[in-house]
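Next come the chains, spelled out residue by residue.
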Amino acid sequence: TFSVWQTAPKTIASAKITPTTNLTIVDTEGSASTDDLNEAEGVPANAMFSLRAASAARTVVVKDTTGSVQFLMAGQMSLDNSQDTITFCNFDGTHAYEISRSDNAS
């Protein structure tokens, strides 16, 4: 059987988001054309979560190893359309380890 994950929109604030579900649709702060995302705070240990951009008109740049709750990944990724995704697992409650990414440029 499938486990259904819920989706929640989040807006970047000071380069951070606090995901509340496993699927997070991320938007830039103040609808800026581009914004850096350095941290995903409050993700429980051993939780998996995925991010995607809210709009093709705004680019979310997920940064590698920046901030106190770091994304550990193979270099930064730009979510520059709503079909791009990146998935992480937070094994230790402190670091989000990249599991996969998909750049689905339209």
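Remember, predicted model here, so these are calculated numbers, not experimental data. (Residues numbered from 1 in each chain as written. Predicted model: local features only at pLDDT ≥ 70, side-chain atom pairs only at ≥ 80, totals over all residues. Heavy atoms only, no water.)

1. A word on the environment of Thr21
(1) Moving on: By the secondary structure assignment, Thr21 is in the loop between strand E2 (16-17) and strand E3 (23-27).
(2) Moving on: On the basis of relative accessibility, which here comes to 18%, the residue Thr21 falls in the buried class.
(3) Moving on: Sequence-wise, Thr21 and Phe49 are 28 residues apart; in three dimensions their C-alpha atoms are separated by 7.4 Å.
(4) Moving on: In this structure Thr21 touches Gln6, Thr7, Ala8 and Phe49, once residues within four positions along its chain are discounted.
(5) Moving on: Within polar-contact distance, the side chain of Thr21 engages the backbone nitrogen of Ala8 at 3.4 Å.
(6) Moving on: Reaching out from Thr21, the side chain makes a polar contact with the backbone oxygen of Leu23 at a distance of 2.9 Å. (Helix = DSSP H or I, 4+ residues; strand = E, 2+ residues; numbered from the N terminus. Buried < 20%, exposed > 50% of the residue type's maximum accessible area, 1.4 Å probe, protein only. Contact = heavy atoms within 4.5 Å. Polar contact = N/O pair within 3.5 Å; in protein donor to acceptor, adjacent residues only side chain to side chain.)

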